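Structural description and commentary
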Amino acid sequence: ALRGIKTLDVRMNKHCENAIEINKFLSSLEMIDTIYWPGRKSHKNHKIANKQMKKFGAMLSFTLKNNSFDDAIKIISNTKLFKLAESLGGVESLISHPASMTHASIPKEEREKNNLSDSLIRVSIGIEDSEDLINDLKQAFDNIK
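Described below are features of the structure shown in this document. (Residues numbered from 1 in each chain as written. Predicted model: local features only at pLDDT ≥ 70, side-chain atom pairs only at ≥ 80, totals over all residues. Heavy atoms only, no water.)

1. Quick word on the pattern of salt bridges
Under the counting rule described, the total for this entry stands at five salt bridges. One salt bridge connects Lys113 with Glu110, and the closest N-O pair in it is separated by 3.2 Å. With a gap of three residues between them, Lys113 and Glu110 both fall in helix H5 (residues 108-113), about one helical turn apart. The class for Glu110 is partly exposed, based on a relative accessible area of 35%. (Salt bridge = Lys/Arg side-chain N within 4 Å of Asp/Glu carboxyl O. Helix = DSSP H or I, 4+ residues; strand = E, 2+ residues; numbered from the N terminus. Buried < 20%, exposed > 50% of the residue type's maximum accessible area, 1.4 Å probe, protein only.)

Structure representation (C-alpha cells):
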C-alpha cells in the first residue's frame, strides 16, 4: 500500500488527462448520443464536481444515438487495449456494457426507467498513452459503420 501511495498523484493525473482526451474524441463522433462525465459542462452535476474536485476523474460512460444493443456489444468486443471487465479499474483501461454484464439480470423496462439504455458503455480510463487508447476506440467504432 505504501508503494502505491507514493505514485498515486502521478497516476491520478494521467488517468484524468486521458479522460479529457477520450471525452474530446467521443464528442467528435456523430454516432454518440450522450456522454456522462462530470468534466463536461453539460453534465447535470458539473458545478458541484467543479467545486469538489481538482480534476474530474477517469470514469465515463456514453450511449449511441441508435441505442443498439448489438452495436454496443461490437464496440466492447473489438477493443484491444481496453480490457472487457466489470470493475472500476486500475492502471489499465477497462470497458463494459452494463445491459449485458452487470445489469443483465434486470428486465429491460426496469433498466430503462433508471436511465440504463441498451447502448450504454462504461469506460474506466487507465494510464496508457491517450493516443493509443483513442486509436483503439476508433478501430472499434469503425467495426460498426
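Now that the structure has been shown, the text picks up again.
2. As for the environment of Phe141
Position of Phe141 relative to the elements: it lies in helix H6 (residues 130-142). What makes Phe141 buried here is its relative accessible area of 2%. In sequence terms Phe141 and Lys14 are 127 residues apart; their C-alpha atoms lie 24 Å from each other. Setting aside its immediate chain neighbours within four residues, Phe141 contacts Phe25, Leu26, Leu29, Met31, Ile32, Phe62, Leu64 and Ile75. (Contact = heavy atoms within 4.5 Å.)

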